[in-house]
Amino acid sequence: MTSMKKCIAALAATTLAVTLTLPAATAEAPAKSIRISSYKGNTLEVGERSGLIIGPSGTDYTVTSSDPNTIAVEQVLTFWVAIAKAEGSTEITASNSAGERGSMTLTVGPAAHATPEVPASGNSVSLTDNLEIRQEIVQLVNQTRKANGVSELPINEALMNAAQVCSNRRYTWHHAPEESQAAVDAGYPYGFGDNLTVFTGTAEAAQRAVDNWINSPGHFETMIDPRCDCIGVGVTQYEGIIYCYLFLGIPNSVNFYA
């Protein structure tokens, strides 16, 4: 009987010791993750540049490359850009002053023969023109959505391309069939909301575009629509005039041109 009591006491002591050590194992929570992605995807060609999409918006970030000889990073205004230098893989890390971090792996393959991108309008304006302004518009739209209690949106490459095709056409009013067809041609299968603004002068173009949409009730409602789950922006500059398109994807809705 004495031996049995000793075993029970030892088991109780062991259980208590395990219970007491649990808080120590979970006390140190991992740092909150920062979202980071590349506009052109996870694989680049030698010599290619890609904007980095970092969230949440409205925060200053420091971005580093584990191997700058393979992929370097540089800051352009308030945005970060990855530059593919040589073949290989590199970890890109974003951090902020609060100690939060996020990372992604970018791979660089050999340079391919250049083939110009031709929008559906038939001209030779690149679908990656004005990328810094477009990224700034994304950032400002997400700040507006966050301030109005709806989720920030990730960039969708198909909607980015469709919006750029439409801005390249220099529309000054909405062309619903052409806009819908541009989304289908770019590979986006659902319906979407879209805003257009046109103005003269290139100074602070992103802020002016978003301010125009904020100050127009219908455009503002489109911009903060809680149904939306992704975003695309097109910007074209032509003879001192700025054409800006905003496409906001609405999942599981219908594009009648699809």
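Shown above is the structure to which this text applies.
Notes on the structure in this doc start here. All values derive from a computational prediction rather than experimental measurement.

Let's talk about the overall build of the protein
From N to C terminus, the protein includes 6 helices and 11 strands. The 258 residues of the protein split such that 41% are buried. Taking contacts inside the protein between residues at least 6 apart in sequence as the whole, the part at least 24 apart equals 65%. Total accessible area on the protein is roughly 13600 Å²; 55% of this is exposed by carbon and sulfur atoms.

Overview of the packing of helix H3 (residues 157-168) against helix H4 (residues 176-186)
Look at H3 against H4: their axes get within 8 Å of each other, and the N-to-C directions meet at 140°. Taken together, H3 and H4 sit at an angle that is classed as oblique. Once H3 is placed against H4, the crossing between them reads as right-handed. In contact with Ala 158, Asn 161, Ala 162, Val 165 and Cys 166 of H3, H4 contributes Glu 179, Ala 182, Ala 183 and Ala 186. Looking at the contact of H3 with H4 residue by residue, the class counts come to 7 nonpolar, 1 polar and 1 charged.

Some thoughts on the sheet that holds strand E11 (residues 241-250)
Pairing is antiparallel in the open sheet, where 3 strands are placed in the order E9-E11-E10. The outermost strands of the open sheet, each flanked by one partner alone, are strand E9 (191-200) and strand E10 (230-238). Sheet twist, expressed as the average angle between the axes of neighbouring strands with direction ignored, equals 15°. Here E10 pairs with E11 via 9 bridges, running antiparallel. Its bridge partner being in E11, Tyr 238 is matched across the sheet by Ile 241.

A look at the pairing of strand E7 (residues 88-95)
In this structure, strand E4 (residues 62-65) lies alongside E7, joined through 4 bridges in antiparallel fashion. The residue of E7 that forms the bridge with Val 63 is Ala 94. In terms of strand pairing, E7 meets strand E8 (residues 101-109) through 8 bridges, oriented antiparallel. Opposite Ile 92, over in E8, you have Met 104 as the bridge partner. The antiparallel hairpin formed by E7 and E8 contains 5 residues in its connecting segment, where Gly 99 sits at a positive phi of about 85°.

Side note on H4
Among the residues of H4, those classed as buried are Glu 179, Ser 180, Ala 182 and Ala 183. The buried residues of H4 occupy an angular sector of 155° when projected down its axis, which confines them to one face. Tucked inside the fold, the buried residues of H4 contact H3, E9 and E11.

Conventions and cut-offs
- Residues numbered from 1 in each chain as written.
- Predicted model: local features only at pLDDT ≥ 70, side-chain atom pairs only at ≥ 80, totals over all residues.
- Heavy atoms only, no water.
- Helix = DSSP H or I, 4+ residues; strand = E, 2+ residues; numbered from the N terminus.
- Buried < 20%, exposed > 50% of the residue type's maximum accessible area, 1.4 Å probe, protein only.
- Contact = heavy atoms within 4.5 Å.
- Areas by Shrake-Rupley, 256 points an atom, 1.4 Å probe, with all protein chains shown as cover.
- Axes fitted to C-alpha atoms, helices over the stretch in contact; angles between N-to-C directions.
- Parallel < 35°, antiparallel > 145°, perpendicular 65-115°, else oblique.
- Left-handed = near helix turned anticlockwise from the far one by under 90°.
- Nonpolar A, V, L, I, M, F, W, Y, C, P; charged D, E, K, R; others polar.
- Pairing = 2+ DSSP bridges.
- Arc of directions from axis to C-beta.

The values are spatial; any link to function lies outside them.
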